Amino acid sequence: MLLLASSSSLSLPSLSHLHLHPPLPSSFPRSSLHLQFPSQTTPLRLHTPPPAFCSLSSSLEQSTSFSQTQMQHSFLYSRAYWVTDSLIAWNVDVGNELSCYLLASKNASLTIANCQIQGEDLKIKLQEDTAGLPANVVEKFPHIRGYKAFKLPPALDVKPLLKSQLAVVIYDSDEKCRNCSGLQLPGVLDELFSYSGPLGALFSEEAVSLYLWAPTAQAVHAYIYKNPSGDDPTEIVCLEEENGVWRTKGPKSWERCYYVYEVCVYHPSTLRVEKCYANDPYARGLSSDGKRTFLLNLDTDDLKPGGWNNLANEKPVIHSFSDISIYEMHIRDFSASDLSVQPEFRGGYLAFTLLDSAGVHHLKRLSSAGITHIHLLPTFHFAGVDDQKENWRFVDTTILESLPPDSDQQQALITAIQNFDGYNWGYNPVLWGVPKGSYASNPNGPYRTIEFREMVKALNHIGLRVVLDVVYNHLQGSGPFDEHSVLDKIVPGYYLRRNTDGFIEHSTCINNTASEHFMVERLIIDDLVHWAVNYKIDGFRFDLMGHIMKSTMVKAKTALNFLTKEKDGVDGSSIYIYGEGWDFGEVAKNGRGINASQFNLPRTQIGSFNDRIRDAILGGSPFGHPLQQGFVTGLLMQPNGHDHGTEANAKSMLAASMDHIQIGMAANLQDFVLTNSEGEEVKGSEILTYDGTPVAYASCPIETINYVSAHDNETLFDIVSLKTPMDLTVSERCRINHLATSIIALSQGIPFFHSGDEILRSKSLDRDSYNSGDWFNRLDFTYNSNNWGVGLPPQEKNEKNWPLIKPRLANPSFRPQKIDILATVDNFLNLLRIRYSSPLFRLKTANAIQQRVCFHNTGPSWVCGVIVMSIEDGHDGFPGLSQLDPVYSFIVVVVNASPKEVSFVSPSLQSRSLQLHPIQVSSSDDLVKSSTYQASSGCFVVPRRTTAVFVEPRKKLI
């Protein structure tokens, strides 16, 4: 990606020698190569190696001889690791004829010419340590296992050297350079400068103090401003360093002023000592678009809504994490199109405080039925949306509404302004600790803090706890000039994870962070505690959690659990954390240490998303063919024309899907014993996916988040519309939508629903609407429309599927009517009510699930497309199972995914006093009301595409 030089938006002093580069685009780059082409007066700055040198990989490190061309560019690489104060790791062989040295240059003057290196201030001979790297180093940096260890002289004063340009060099007997490299410093920085004292701005009655961790900086100044933009600084303060921490104390009058740090530091991406201008990593307030850090004391009374200090005592009660149900929502989606919200509140925090709006009315219905937590997509300061609403661009909706449902013109108009409108999901973090300004009525001053707190309080008061979507796995900016770069300006090369060549890893899209480094982990934990204490947040969902170390997640959970109402104003034991435990990229298979992936999390009580049940219910995966069918979408039972192989193959796929779903309904427990489709008794961990990975990974129910849709990929209704046969009626698609959510709602573990699952939400078949604007992301809580057929979805992510999408959008029979949406809402609310009608749907332990949950349509004689689950309770005063439910002693759930009514006979379920759940008896769905059970035969009759719940009421004592 080529970037042309321009001025930064950071408010900086007027310095003629300052070279500023533009921001990254608001959408995530899809390439790991980021070349910056600067102005004529600026040398070339490289964040990753130029294409001509990309082939200079680790194979070169096996050789001790570089060509002249290779040598000229060798300082761009950092292939050696300074891992402790006395050891450097490098993947080279020195032998007897060569010698290894460490070079340092405080003003970054190292140059190479004719195999000679010049410009060093210090040249230190290193000795190879034949014992190799110690175990603690290999444990922290497993990817350099096998590297050679080089010892530094024991009397060397290391700390001052770390502020210089550094290189390791191999010389021959003629003092000619045969190999050289820059160094990666996180190991030695962690050993010498790990710090647990104050950071950020601290407020007292007399003063404001600033603390910045920057051990490699040569100088740090704070530029103090009265206003959020414009004007010259009122003060330029020189901070003093003590053991890597820079600090200063200012007057009380600094409070509610603004500041920017100037950090003079060697930056490995430019091979120069740079003056970097950055916000405080521990910022708690910002000016518009993060131009300056706002000195905001969050304990000030005028920042707190009425009753804020007592909110912990007013939160909805959660007796157990097993009682949680999660509803995922984007702040802007909630109200941007809600005409019952006044225009100035639409799309922002304050929309949640309007008790009579259509959206809040809908949330109240969800809360009353059983939803306990609302999960908000990123709310911290992110790139991609201008905080100043007056700068946003819009498309005339009357034009969009006039276009055909399968037209490509809507997406063309939307994408033309997509980087300049008010929409982005927010997975492009800049600063983690400050609410996003575009959701506030005013991005400057204290408004974003006040209004965020008002939102949390309002949601709590309608019965909903609040989960924040946190994105600690990557950052939007890097390098010394990017306006979105913060951490990489302050301690270059430390916060962002680098590969063995020394360039930033991009497997999470961009600029992966390195939680295996002490101060990165500390920043993450401090940030979580900050949100919990200062904003009374009730849970955290971790984006790409597998890229964070397991130890970080466990420490974070422990730190949150230690918070108390008496000391911190919050009950930390009620804060739930969960995330995406995907295992890929450089962290896969514990490549950078034990990471927080699905199979590493058992016994932590940290939740992770169960993609197995999602894929089995719907078919395929988000990365497979969009027409591949699954359990509810017609696999074997109602083919859509996609090639699923022979009928025997399709039957085998369906049998495997049913096994996966049943294990998922048992909370995806590793040790749950199921009779599989072949008649074998197997544990969940012994049932395998198509690639040989175990299906089950959880040790207890709260470690499983069951779901069929989320913000990523198509909505549930859109997936159903893609995978089902073209000639299916829309009413049948609505039943399938409901069938999918019923499995999630009635499973053990924690159910998770994407906003709109319950109202047939469509994004016009957009598979990734992160930057598709309000048009494709609209939610309608008046239930008049589900947003189907608003044009072909944006070309970037969807064009290859347009041939599949276009005929569906053009077909008017695919569009649900209001009556369909209303019926789906009612059915969804009934599912929640059923879940919360009995604690048997929310068992707390693995043992309870193993003892009480049983599946009946198993083994080789299984009935196609039917899952039958029973949950048994004990009886008070009788030996065996304890009694949990005072109302029902036995429950049977029958899921019929076939397009026909089914009869299922189970001898083990004969002679019971089962009856249809009273909530379904009074349902508006006539089909479910026709479900029957015959005690004499143990026969259940359930209509097509229906989930029926039968309960056995306890006998009342006379």
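Details of the structure are given in the entry above.
Notes on the structure in this doc start here. (Residues numbered from 1 in each chain as written. Predicted model: local features only at pLDDT ≥ 70, side-chain atom pairs only at ≥ 80, totals over all residues. Heavy atoms only, no water.)

### A few points about helix α10 (residues 518-535)
Applied cut-off: Runs of E in the DSSP output that reach at least two residues are strands. Runs of H or I that reach at least four are helices, and both are numbered from the N terminus. Here the expected span of a helix is defined as 1.5 Å times the quantity of residues minus one. The buried label goes to any residue with under 20% of its type's maximum accessible area, the exposed label to any with over 50%, and the partly exposed label to all in between, with areas taken from a 1.4 Å probe on protein chains only.
Here α10 is 18 residues long and its end C-alpha atoms lie 25 Å apart, about the 26 Å a rise of 1.5 Å per residue gives. Counting buried positions over the 18 residues of α10 gives 14, a clear majority of the element. Positive phi shows up at Lys536, right after α10, with a value of about 55 degrees.

### Overview of the side chain of Asn896
What counts here: Residue contacts are counted whenever heavy atoms from the two residues lie within 4.5 Å of one another.
Examined against the element boundaries, Asn896 turns out to sit in strand β37 (residues 888-896). The class of Asn896 is buried, set by a relative accessible area of 0%. In this structure Asn896 touches Leu739, Gly865, Val866, Glu901, Val902, Val942, Pro943, Arg944, Arg945 and Thr946, once residues within four positions along its chain are discounted.

### What to know about the environment of Ala740
Inspection of the secondary structure assignment puts Ala740 in helix α16 (residues 730-745). On the accessibility criterion, Ala740 (0% relative accessible area) is buried. As for Ala740 and Phe150, which are separated by 590 residues in sequence, their C-alpha atoms are 59 Å apart. Once residues lying within four places of it in the same chain are set aside, the contact partners of Ala740 are Ile617, Val632, Val708 and Leu716.

### Focus: the nonpolar core
Our working definition: For the purposes of this section, nonpolar cores are sets of buried Ala, Val, Leu, Ile, Met, Phe, Trp, Tyr and Cys residues that join through side-chain atoms within 4.5 Å.
Membership of the largest hydrophobic core comes to 225 residues, with the highest contact counts inside it found for Trp82, Leu102, Leu363 and Phe540. Of all the elements, α10 adds the most residues to this core, at 9 residues. Apart from residues lying up to four places away in sequence, Leu102 is in contact with Trp82, Ile88, Leu122, Lys123, Ile124, Leu126, Leu152, Leu161, Leu166, Ala167, Val168 and Leu183. The next biggest cluster of nonpolar side chains, apart from the first, holds 15 residues, and it includes Val892, Val894, Phe940 and Ala948.

### What about the packing of helix α8 (residues 447-461) against α10?
Here is the rule we go by: Each axis is a line fitted through C-alpha atoms, taken for helices only over the stretch in contact, and angles between the N-to-C directions span 0 to 180 degrees. Angle categories: roughly parallel below 35 degrees, roughly antiparallel above 145, roughly perpendicular from 65 to 115, and oblique for all the rest. When residues are grouped by polarity, Ala, Val, Leu, Ile, Met, Phe, Trp, Tyr, Cys and Pro land in nonpolar, Asp, Glu, Lys and Arg in charged, and all others, Gly among them, in polar.
Running from N to C, α8 and α10 point in directions that differ by 75 degrees, and their axes come no closer than 11 Å. Considering their axes alone, α8 and α10 lie roughly perpendicular with respect to each other. When α8 is examined against α10, the residues Thr449, Phe452, Arg453 and Val456 are found in contact with a partner set consisting of Trp531, Asn534 and Tyr535. Classifying every residue of the contact of α8 with α10 gives 4 nonpolar, 2 polar and 1 charged.

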